[in-house]
Amino acid sequence: MRVEHLGGVADLGDAVDVLRAVAESNRRHRRPPPAALIGEWFGSAAVIAPSVSIRRVDPAHVFAVPATESNTECVVGGGWIGFLSYPDRGADDLPPRIPEAAGAWTDCVLRLDHTGNWWYESLSAATAPDWLGPAVTAKADAASCEIDWCQPDFDLHQEAVLKCLEAIRAGEIYQACVCTQFTGTATGSPLDFFAEAMQRTVPARAAYLAGDWGAVASLSPELFIKRVGGRVVSSPIKGTLPLDEPPERLRASVKDVAENIMIVDLVRNDLGRIARTGTVNVPELLAVRPAPGVWHLVSTVEAQVPDDLPASALLDATFPPASVTGTPKSRARQLLSQWEQQRRGIYCGTVGLASPIAGCELNVAIRTVEFDAGGTAVLGVGGGITADSDPYAEWQECLHKAAPVTGQDVRARTTAS
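Notes on the structure follow. (Residues numbered from 1 in each chain as written. Predicted model: local features only at pLDDT ≥ 70, side-chain atom pairs only at ≥ 80, totals over all residues. Heavy atoms only, no water.)

Here the focus is unusual backbone geometry. A cis geometry characterises the amide bond from F319 onward to P320, with omega recorded as 0 degrees. Checked against the element boundaries, P320 lands in the loop between α7 (311-318) and β18 (326-327). Of note in the backbone geometry, R30 takes a positive phi value of approximately 60 degrees without being a glycine. Relative to the elements of secondary structure, R30 occurs in the loop between α1 (15-28) and β2 (35-41). Phi at F63 takes a positive value of approximately 55 degrees, unusual for a residue other than glycine. Summarising the element assignment, F63 is placed in the loop between β4 (55-56) and β5 (79-84). (Helix = DSSP H or I, 4+ residues; strand = E, 2+ residues; numbered from the N terminus.)

The following block contains the structure:
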(Lines give C-alpha, C1' and ligand atoms only; values in the text may rest on other atoms or scores of the structure.)
Protein backbone atom coordinates (compact mmCIF):
# COMPACT_ATOMS: atom_id res chain seq x y z
CA MET A 1 0.00 0.00 0.00
CA ARG A 2 1.33 3.43 -0.92
CA VAL A 3 -0.15 6.76 0.21
CA GLU A 4 1.41 9.94 -1.18
CA HIS A 5 0.36 13.48 -0.30
CA LEU A 6 0.05 15.64 -3.40
CA GLY A 7 0.70 18.89 -1.55
CA GLY A 8 3.97 19.41 -3.40
CA VAL A 9 2.24 20.25 -6.65
CA ALA A 10 0.27 23.32 -7.63
CA ASP A 11 -3.19 23.81 -6.18
CA LEU A 12 -5.25 21.08 -7.76
CA GLY A 13 -8.61 22.73 -7.19
CA ASP A 14 -11.81 20.97 -6.25
CA ALA A 15 -12.95 17.50 -7.26
CA VAL A 16 -14.69 18.67 -10.43
CA ASP A 17 -11.58 20.58 -11.54
CA VAL A 18 -9.40 17.50 -11.11
CA LEU A 19 -11.93 15.23 -12.81
CA ARG A 20 -12.10 17.56 -15.82
CA ALA A 21 -8.31 17.84 -16.02
CA VAL A 22 -7.69 14.09 -15.85
CA ALA A 23 -10.48 13.38 -18.34
CA GLU A 24 -9.05 15.85 -20.84
CA SER A 25 -5.56 14.36 -20.51
CA ASN A 26 -6.94 10.85 -20.96
CA ARG A 27 -8.88 11.92 -24.03
CA ARG A 28 -5.81 13.47 -25.66
CA HIS A 29 -3.64 10.44 -24.95
CA ARG A 30 -6.34 7.85 -25.65
CA ARG A 31 -6.41 6.40 -22.17
CA PRO A 32 -9.62 5.08 -20.60
CA PRO A 33 -11.64 7.81 -18.88
CA PRO A 34 -11.66 8.48 -15.14
CA ALA A 35 -14.40 7.40 -12.75
CA ALA A 36 -15.41 9.45 -9.74
CA LEU A 37 -17.30 9.39 -6.46
CA ILE A 38 -17.87 12.92 -5.13
CA GLY A 39 -19.62 14.14 -1.99
CA GLU A 40 -19.66 12.02 1.16
CA TRP A 41 -17.76 8.85 0.30
CA PHE A 42 -15.44 6.86 2.58
CA GLY A 43 -15.04 9.77 4.98
CA SER A 44 -13.67 11.90 2.14
CA ALA A 45 -14.87 14.58 -0.27
CA ALA A 46 -13.95 12.70 -3.44
CA VAL A 47 -12.44 9.45 -4.69
CA ILE A 48 -11.31 9.44 -8.33
CA ALA A 49 -9.98 6.47 -10.32
CA PRO A 50 -7.62 8.26 -12.74
CA SER A 51 -8.13 5.90 -15.69
CA VAL A 52 -10.29 2.79 -15.66
CA SER A 53 -11.96 0.65 -18.32
CA ILE A 54 -15.54 0.29 -17.12
CA ARG A 55 -16.83 -2.77 -18.95
CA ARG A 56 -19.94 -4.93 -19.00
CA VAL A 57 -19.91 -7.60 -16.27
CA ASP A 58 -22.19 -10.33 -14.95
CA PRO A 59 -24.60 -8.74 -12.43
CA ALA A 60 -23.90 -11.62 -10.05
CA HIS A 61 -20.25 -10.56 -9.71
CA VAL A 62 -20.49 -6.86 -8.85
CA PHE A 63 -18.71 -5.42 -5.79
CA ALA A 64 -17.30 -8.89 -4.98
CA VAL A 65 -14.50 -7.72 -2.69
CA PRO A 66 -14.04 -9.30 0.77
CA ALA A 67 -15.25 -7.19 3.68
CA THR A 68 -12.64 -5.35 5.74
CA GLU A 69 -12.22 -4.12 9.27
CA SER A 70 -12.67 -0.46 10.19
CA ASN A 71 -10.30 1.97 8.47
CA THR A 72 -9.90 5.00 10.73
CA GLU A 73 -7.60 6.90 8.35
CA CYS A 74 -10.12 7.02 5.47
CA VAL A 75 -7.56 5.53 3.08
CA VAL A 76 -9.27 3.89 0.09
CA GLY A 77 -6.37 2.73 -2.08
CA GLY A 78 -8.51 1.34 -4.88
CA GLY A 79 -10.96 -1.46 -5.48
CA TRP A 80 -13.85 -2.47 -7.71
CA ILE A 81 -15.86 0.48 -8.99
CA GLY A 82 -19.02 0.14 -11.02
CA PHE A 83 -22.81 -0.01 -11.14
CA LEU A 84 -25.73 -2.41 -11.00
CA SER A 85 -28.96 -1.46 -12.78
CA TYR A 86 -32.49 -1.88 -11.46
CA PRO A 87 -33.28 -5.46 -12.49
CA ASP A 88 -36.92 -5.36 -13.60
CA ARG A 89 -38.34 -4.81 -17.07
CA GLY A 90 -40.91 -2.20 -18.00
CA ALA A 91 -44.31 -2.85 -19.54
CA ASP A 92 -42.86 -2.28 -23.04
CA ASP A 93 -40.56 -5.30 -22.43
CA LEU A 94 -37.64 -3.64 -24.24
CA PRO A 95 -34.03 -4.71 -23.48
CA PRO A 96 -31.60 -2.59 -21.44
CA ARG A 97 -30.24 0.60 -23.03
CA ILE A 98 -26.85 0.24 -21.33
CA PRO A 99 -25.31 -2.81 -19.61
CA GLU A 100 -27.22 -4.22 -16.66
CA ALA A 101 -23.94 -4.09 -14.76
CA ALA A 102 -20.51 -2.68 -15.51
CA GLY A 103 -17.32 -1.99 -13.61
CA ALA A 104 -13.63 -2.66 -13.24
CA TRP A 105 -10.78 -2.93 -10.76
CA THR A 106 -8.58 0.09 -10.10
CA ASP A 107 -5.28 -0.32 -8.24
CA CYS A 108 -5.05 3.36 -7.40
CA VAL A 109 -7.18 6.41 -6.64
CA LEU A 110 -6.89 10.13 -6.06
CA ARG A 111 -8.61 11.03 -2.80
CA LEU A 112 -9.66 14.49 -1.60
CA ASP A 113 -9.97 14.70 2.17
CA HIS A 114 -12.25 17.13 4.00
CA THR A 115 -9.38 19.52 4.72
CA GLY A 116 -8.79 20.10 1.00
CA ASN A 117 -5.70 17.88 0.67
CA TRP A 118 -5.28 15.51 -2.25
CA TRP A 119 -3.68 12.08 -1.88
CA TYR A 120 -2.45 9.48 -4.36
CA GLU A 121 -3.16 5.98 -3.00
CA SER A 122 -2.10 2.68 -4.51
CA LEU A 123 -3.02 -0.82 -3.30
CA SER A 124 0.02 -2.27 -5.08
CA ALA A 125 2.45 0.25 -3.49
CA ALA A 126 3.28 1.55 -6.98
CA THR A 127 4.30 5.16 -7.43
CA ALA A 128 2.02 7.45 -9.38
CA PRO A 129 2.37 7.02 -13.16
CA ASP A 130 4.43 9.68 -14.90
CA TRP A 131 1.46 11.06 -16.77
CA LEU A 132 -0.68 11.69 -13.69
CA GLY A 133 1.17 14.71 -12.27
CA PRO A 134 0.94 16.78 -15.47
CA ALA A 135 -2.66 15.64 -15.93
CA VAL A 136 -3.94 16.79 -12.54
CA THR A 137 -2.10 20.10 -12.60
CA ALA A 138 -3.34 21.07 -16.06
CA LYS A 139 -6.37 23.32 -16.23
CA ALA A 140 -9.10 21.93 -18.46
CA ASP A 141 -11.56 24.34 -20.00
CA ALA A 142 -15.12 23.96 -18.79
CA ALA A 143 -17.18 22.79 -21.73
CA SER A 144 -20.95 22.41 -21.76
CA CYS A 145 -23.25 19.50 -22.52
CA GLU A 146 -26.73 20.48 -23.64
CA ILE A 147 -29.61 18.05 -23.36
CA ASP A 148 -32.85 18.68 -25.21
CA TRP A 149 -35.25 17.11 -22.70
CA CYS A 150 -38.71 15.78 -23.49
CA GLN A 151 -41.12 15.79 -20.57
CA PRO A 152 -42.61 12.49 -19.37
CA ASP A 153 -46.11 11.44 -20.37
CA PHE A 154 -48.45 13.00 -17.79
CA ASP A 155 -51.40 10.73 -18.59
CA LEU A 156 -49.39 7.52 -18.31
CA HIS A 157 -47.95 8.62 -14.97
CA GLN A 158 -51.38 9.50 -13.61
CA GLU A 159 -52.76 6.17 -14.80
CA ALA A 160 -49.94 4.32 -13.01
CA VAL A 161 -50.54 6.23 -9.78
CA LEU A 162 -54.28 5.49 -9.91
CA LYS A 163 -53.57 1.79 -10.45
CA CYS A 164 -51.24 1.88 -7.47
CA LEU A 165 -53.96 3.46 -5.33
CA GLU A 166 -56.36 0.72 -6.44
CA ALA A 167 -53.83 -1.94 -5.44
CA ILE A 168 -53.41 -0.29 -2.04
CA ARG A 169 -57.17 -0.20 -1.48
CA ALA A 170 -57.38 -3.86 -2.50
CA GLY A 171 -54.75 -4.77 0.10
CA GLU A 172 -52.18 -6.02 -2.41
CA ILE A 173 -49.55 -3.51 -1.29
CA TYR A 174 -49.19 -0.73 1.26
CA GLN A 175 -46.84 1.56 -0.65
CA ALA A 176 -44.98 1.67 -3.96
CA CYS A 177 -42.57 4.00 -5.73
CA VAL A 178 -44.16 4.86 -9.08
CA CYS A 179 -41.69 6.28 -11.59
CA THR A 180 -41.58 7.93 -15.00
CA GLN A 181 -38.84 9.19 -17.33
CA PHE A 182 -37.49 12.28 -19.02
CA THR A 183 -35.67 11.47 -22.27
CA GLY A 184 -33.42 13.71 -24.29
CA THR A 185 -30.66 14.04 -26.85
CA ALA A 186 -27.27 15.14 -25.55
CA THR A 187 -24.92 17.46 -27.41
CA GLY A 188 -21.53 17.34 -25.75
CA SER A 189 -19.75 15.10 -23.25
CA PRO A 190 -21.61 13.36 -20.42
CA LEU A 191 -18.68 14.25 -18.17
CA ASP A 192 -19.27 17.93 -18.83
CA PHE A 193 -22.93 17.47 -17.94
CA PHE A 194 -21.91 15.77 -14.69
CA ALA A 195 -19.32 18.43 -13.83
CA GLU A 196 -21.70 21.33 -14.38
CA ALA A 197 -24.54 19.63 -12.51
CA MET A 198 -22.21 18.79 -9.61
CA GLN A 199 -21.19 22.40 -9.15
CA ARG A 200 -24.82 23.53 -9.33
CA THR A 201 -26.44 20.93 -7.07
CA VAL A 202 -23.66 19.58 -4.75
CA PRO A 203 -25.26 16.16 -4.05
CA ALA A 204 -23.99 13.93 -1.25
CA ARG A 205 -23.54 10.67 -3.17
CA ALA A 206 -22.58 11.68 -6.70
CA ALA A 207 -20.84 9.28 -9.08
CA TYR A 208 -19.58 9.24 -12.66
CA LEU A 209 -18.65 6.22 -14.79
CA ALA A 210 -18.11 5.89 -18.53
CA GLY A 211 -17.13 3.35 -21.17
CA ASP A 212 -17.70 2.55 -24.84
CA TRP A 213 -21.29 1.63 -23.84
CA GLY A 214 -22.08 5.20 -22.69
CA ALA A 215 -21.98 6.88 -19.27
CA VAL A 216 -23.73 7.18 -15.91
CA ALA A 217 -23.93 10.57 -14.20
CA SER A 218 -25.44 10.11 -10.75
CA LEU A 219 -26.36 13.13 -8.63
CA SER A 220 -27.78 11.03 -5.82
CA PRO A 221 -28.33 12.24 -2.25
CA GLU A 222 -29.01 8.73 -0.90
CA LEU A 223 -26.86 6.03 0.74
CA PHE A 224 -27.98 2.51 -0.11
CA ILE A 225 -25.33 0.42 1.65
CA LYS A 226 -22.22 1.18 3.66
CA ARG A 227 -20.36 -1.88 4.87
CA VAL A 228 -17.18 -2.09 6.91
CA GLY A 229 -16.44 -5.56 8.20
CA GLY A 230 -19.68 -6.92 9.64
CA ARG A 231 -21.37 -3.52 10.15
CA VAL A 232 -23.91 -2.53 7.51
CA VAL A 233 -25.68 0.85 7.37
CA SER A 234 -28.48 2.00 5.07
CA SER A 235 -30.08 5.48 5.02
CA PRO A 236 -33.34 5.35 3.06
CA ILE A 237 -34.96 8.56 1.84
CA LYS A 238 -38.74 8.82 1.74
CA GLY A 239 -40.66 12.07 2.04
CA THR A 240 -40.13 15.13 -0.15
CA LEU A 241 -40.93 18.84 -0.01
CA PRO A 242 -39.73 21.67 -2.32
CA LEU A 243 -36.71 23.44 -0.90
CA ASP A 244 -38.50 26.80 -0.82
CA GLU A 245 -41.05 25.41 1.67
CA PRO A 246 -40.48 25.45 5.47
CA PRO A 247 -38.75 22.17 6.38
CA GLU A 248 -40.91 21.64 9.48
CA ARG A 249 -43.86 21.01 7.15
CA LEU A 250 -42.20 17.81 5.97
CA ARG A 251 -41.76 16.40 9.45
CA ALA A 252 -45.39 17.29 10.19
CA SER A 253 -46.75 15.58 7.05
CA VAL A 254 -48.70 12.44 7.99
CA LYS A 255 -48.32 11.05 4.47
CA ASP A 256 -44.54 11.58 4.26
CA VAL A 257 -43.89 10.27 7.76
CA ALA A 258 -45.96 7.15 7.09
CA GLU A 259 -44.13 6.61 3.80
CA ASN A 260 -40.73 6.84 5.49
CA ILE A 261 -41.63 4.54 8.37
CA MET A 262 -42.98 1.88 6.00
CA ILE A 263 -39.71 1.90 4.09
CA VAL A 264 -37.67 1.80 7.31
CA ASP A 265 -39.57 -1.35 8.23
CA LEU A 266 -38.80 -2.79 4.79
CA VAL A 267 -35.07 -2.05 5.19
CA ARG A 268 -35.17 -3.65 8.66
CA ASN A 269 -36.79 -6.71 7.09
CA ASP A 270 -34.23 -6.88 4.25
CA LEU A 271 -31.26 -6.61 6.60
CA GLY A 272 -32.90 -8.95 9.09
CA ARG A 273 -32.67 -11.76 6.54
CA ILE A 274 -28.87 -11.77 6.81
CA ALA A 275 -28.12 -9.98 10.10
CA ARG A 276 -27.02 -11.51 13.36
CA THR A 277 -30.07 -11.95 15.56
CA GLY A 278 -30.95 -8.85 17.57
CA THR A 279 -28.53 -6.49 15.80
CA VAL A 280 -30.93 -4.60 13.49
CA ASN A 281 -31.68 -1.16 14.90
CA VAL A 282 -32.70 2.36 13.83
CA PRO A 283 -30.30 4.96 15.28
CA GLU A 284 -31.93 7.82 13.33
CA LEU A 285 -35.57 8.24 12.36
CA LEU A 286 -37.23 10.97 10.26
CA ALA A 287 -34.39 13.49 10.03
CA VAL A 288 -35.13 16.42 7.69
CA ARG A 289 -32.21 17.10 5.35
CA PRO A 290 -31.71 19.27 2.26
CA ALA A 291 -31.01 17.78 -1.16
CA PRO A 292 -30.83 19.38 -4.63
CA GLY A 293 -34.13 21.24 -5.03
CA VAL A 294 -35.97 19.54 -2.16
CA TRP A 295 -36.10 18.63 1.50
CA HIS A 296 -36.09 14.91 2.31
CA LEU A 297 -36.96 12.76 5.29
CA VAL A 298 -33.99 10.48 5.98
CA SER A 299 -33.74 7.58 8.42
CA THR A 300 -30.85 5.23 9.19
CA VAL A 301 -30.95 1.48 9.75
CA GLU A 302 -27.92 -0.54 10.79
CA ALA A 303 -27.14 -4.19 11.45
CA GLN A 304 -24.31 -6.62 12.09
CA VAL A 305 -23.80 -9.35 9.50
CA PRO A 306 -21.24 -12.19 9.47
CA ASP A 307 -17.82 -10.85 8.51
CA ASP A 308 -17.51 -13.46 5.78
CA LEU A 309 -20.92 -12.73 4.22
CA PRO A 310 -20.24 -12.30 0.47
CA ALA A 311 -21.37 -9.21 -1.42
CA SER A 312 -23.69 -11.37 -3.51
CA ALA A 313 -25.61 -12.45 -0.40
CA LEU A 314 -25.87 -8.88 0.86
CA LEU A 315 -27.25 -7.69 -2.47
CA ASP A 316 -29.60 -10.67 -2.78
CA ALA A 317 -31.18 -9.61 0.51
CA THR A 318 -31.33 -5.85 -0.05
CA PHE A 319 -31.31 -5.05 -3.79
CA PRO A 320 -33.06 -3.25 -5.38
CA PRO A 321 -33.13 -0.64 -2.63
CA ALA A 322 -36.23 -0.57 -0.45
CA SER A 323 -36.89 3.14 -0.94
CA VAL A 324 -37.44 2.71 -4.70
CA THR A 325 -39.63 -0.40 -4.62
CA GLY A 326 -42.51 -0.76 -2.14
CA THR A 327 -44.12 -2.91 0.51
CA PRO A 328 -44.44 -5.84 0.31
CA LYS A 329 -41.36 -5.67 -1.87
CA SER A 330 -41.89 -8.65 -4.15
CA ARG A 331 -45.49 -7.81 -5.06
CA ALA A 332 -44.73 -4.11 -5.46
CA ARG A 333 -41.97 -4.93 -7.95
CA GLN A 334 -44.29 -7.19 -9.94
CA LEU A 335 -46.93 -4.50 -10.19
CA LEU A 336 -44.48 -1.69 -10.95
CA SER A 337 -43.13 -3.59 -13.94
CA GLN A 338 -46.70 -3.60 -15.31
CA TRP A 339 -47.54 0.02 -14.49
CA GLU A 340 -44.31 1.68 -15.66
CA GLN A 341 -43.92 1.70 -19.44
CA GLN A 342 -40.12 1.86 -19.62
CA ARG A 343 -37.37 -0.14 -17.97
CA ARG A 344 -35.75 1.98 -15.25
CA GLY A 345 -32.18 1.05 -16.20
CA ILE A 346 -29.50 2.47 -13.93
CA TYR A 347 -32.15 4.66 -12.28
CA CYS A 348 -33.01 3.08 -8.90
CA GLY A 349 -30.00 0.80 -9.20
CA THR A 350 -26.72 1.51 -7.45
CA VAL A 351 -23.26 2.96 -8.11
CA GLY A 352 -20.25 2.70 -5.84
CA LEU A 353 -16.95 1.10 -4.89
CA ALA A 354 -15.80 -1.89 -2.87
CA SER A 355 -12.28 -1.53 -1.45
CA PRO A 356 -10.31 -4.29 0.26
CA ILE A 357 -9.15 -1.81 2.90
CA ALA A 358 -12.00 0.72 3.16
CA GLY A 359 -15.11 -1.41 2.80
CA CYS A 360 -18.01 -0.94 0.42
CA GLU A 361 -20.18 2.12 -0.18
CA LEU A 362 -23.08 2.21 -2.65
CA ASN A 363 -25.58 4.92 -3.48
CA VAL A 364 -29.19 4.66 -4.57
CA ALA A 365 -29.01 5.79 -8.19
CA ILE A 366 -31.71 8.46 -8.09
CA ARG A 367 -31.27 11.90 -9.76
CA THR A 368 -29.21 9.83 -12.20
CA VAL A 369 -28.84 10.30 -15.96
CA GLU A 370 -28.09 7.35 -18.19
CA PHE A 371 -26.32 8.09 -21.49
CA ASP A 372 -26.14 5.43 -24.19
CA ALA A 373 -23.42 5.29 -26.84
CA GLY A 374 -25.60 7.19 -29.30
CA GLY A 375 -26.11 10.25 -27.10
CA THR A 376 -29.61 9.51 -25.82
CA ALA A 377 -30.07 10.61 -22.21
CA VAL A 378 -32.65 9.16 -19.79
CA LEU A 379 -33.55 10.55 -16.37
CA GLY A 380 -35.91 8.61 -14.14
CA VAL A 381 -38.01 10.31 -11.46
CA GLY A 382 -40.65 9.00 -9.10
CA GLY A 383 -42.22 9.09 -5.69
CA GLY A 384 -43.74 6.88 -3.05
CA ILE A 385 -47.49 6.35 -3.29
CA THR A 386 -49.52 5.73 -0.14
CA ALA A 387 -53.27 5.47 0.49
CA ASP A 388 -53.70 9.24 0.79
CA SER A 389 -51.54 10.24 -2.18
CA ASP A 390 -52.92 12.82 -4.59
CA PRO A 391 -51.99 11.85 -8.19
CA TYR A 392 -51.39 15.42 -9.36
CA ALA A 393 -49.25 16.20 -6.29
CA GLU A 394 -47.19 13.11 -7.09
CA TRP A 395 -46.64 14.45 -10.61
CA GLN A 396 -45.48 17.76 -9.19
CA GLU A 397 -43.10 15.95 -6.85
CA CYS A 398 -41.52 14.26 -9.88
CA LEU A 399 -41.02 17.64 -11.53
CA HIS A 400 -39.47 19.13 -8.40
CA LYS A 401 -37.01 16.25 -8.17
CA ALA A 402 -36.07 16.51 -11.84
CA ALA A 403 -35.77 20.31 -12.01
CA PRO A 404 -32.21 20.62 -10.58
CA VAL A 405 -31.02 17.99 -13.06
CA THR A 406 -32.88 19.08 -16.20
CA GLY A 407 -32.97 22.81 -15.52
CA GLN A 408 -36.65 22.83 -16.50
CA ASP A 409 -39.30 24.89 -14.70
CA VAL A 410 -41.29 22.82 -12.21
CA ARG A 411 -44.46 24.49 -13.51
CA ALA A 412 -44.11 22.44 -16.70
CA ARG A 413 -47.27 21.49 -18.55
CA THR A 414 -49.30 18.56 -17.34
CA THR A 415 -49.40 16.93 -20.78
CA ALA A 416 -46.61 15.40 -22.79
CA SER A 417 -44.46 17.96 -24.55
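Let us now look at the packing of helix α3 (residues 154-169) against helix α9 (residues 391-406). The geometry of α3 relative to α9 is characterised by a closest axis approach of 9 Å and an angle of 125 degrees between their N-to-C directions. Taken together, the axes of α3 and α9 lie oblique to each other. Seen along the crossing, α3 lies across α9 with a hand that is right-handed. Mapping the contact onto sequence places F154, H157, Q158, V161, L162 and L165 in α3 and P391, Y392, E394, W395 and C398 in α9. Residue composition of the contact of α3 with α9, by class: eight nonpolar, two polar and one charged. (Axes fitted to C-alpha atoms, helices over the stretch in contact; angles between N-to-C directions. Parallel < 35°, antiparallel > 145°, perpendicular 65-115°, else oblique. Left-handed = near helix turned anticlockwise from the far one by under 90°. Contact = heavy atoms within 4.5 Å. Nonpolar A, V, L, I, M, F, W, Y, C, P; charged D, E, K, R; others polar.)

To continue, consider the packing of aromatic side chains. One pass over the full model with this rule turns up eight aromatic pairs. Taken together, a centroid distance of 5.1 Å and an interplanar angle of 80 degrees make the contact between F154 and W395 edge-to-face. Of the two residues, F154 is situated in helix α3 and W395 in helix α9; the sequence distance between them amounts to 241 residues. Residue F154 shares its accessibility class with W395, and that shared class is buried. Measuring from centroid to centroid gives 5.5 Å for F194 and Y208, while their planes differ by 35 degrees, and the two rings are tilted. With F194 in helix α4 (residues 190-201) and Y208 in strand β11 (residues 205-211), the pair connects residues that are 14 residues apart, well separated along the chain. Neither F194 nor Y208 differs from the other in exposure class; each is buried. By the ring-pair criterion, three or more aromatic residues cluster together here, those being F154, Y392 and W395. One cation-aromatic arrangement involves R31 over W131; the distance from NZ or CZ to the ring centre is 3.8 Å. Above the plane of the ring of Y86 lies R344, whose end atom (NZ or CZ) is 4.4 Å from the centre. (Phe/Tyr/Trp six-rings, centres within 6.5 Å; stacked < 30°, edge-to-face > 60°. Buried < 20%, exposed > 50% of the residue type's maximum accessible area, 1.4 Å probe, protein only. Lys NZ or Arg CZ within 6 Å of the ring centre and 35° of its normal.)

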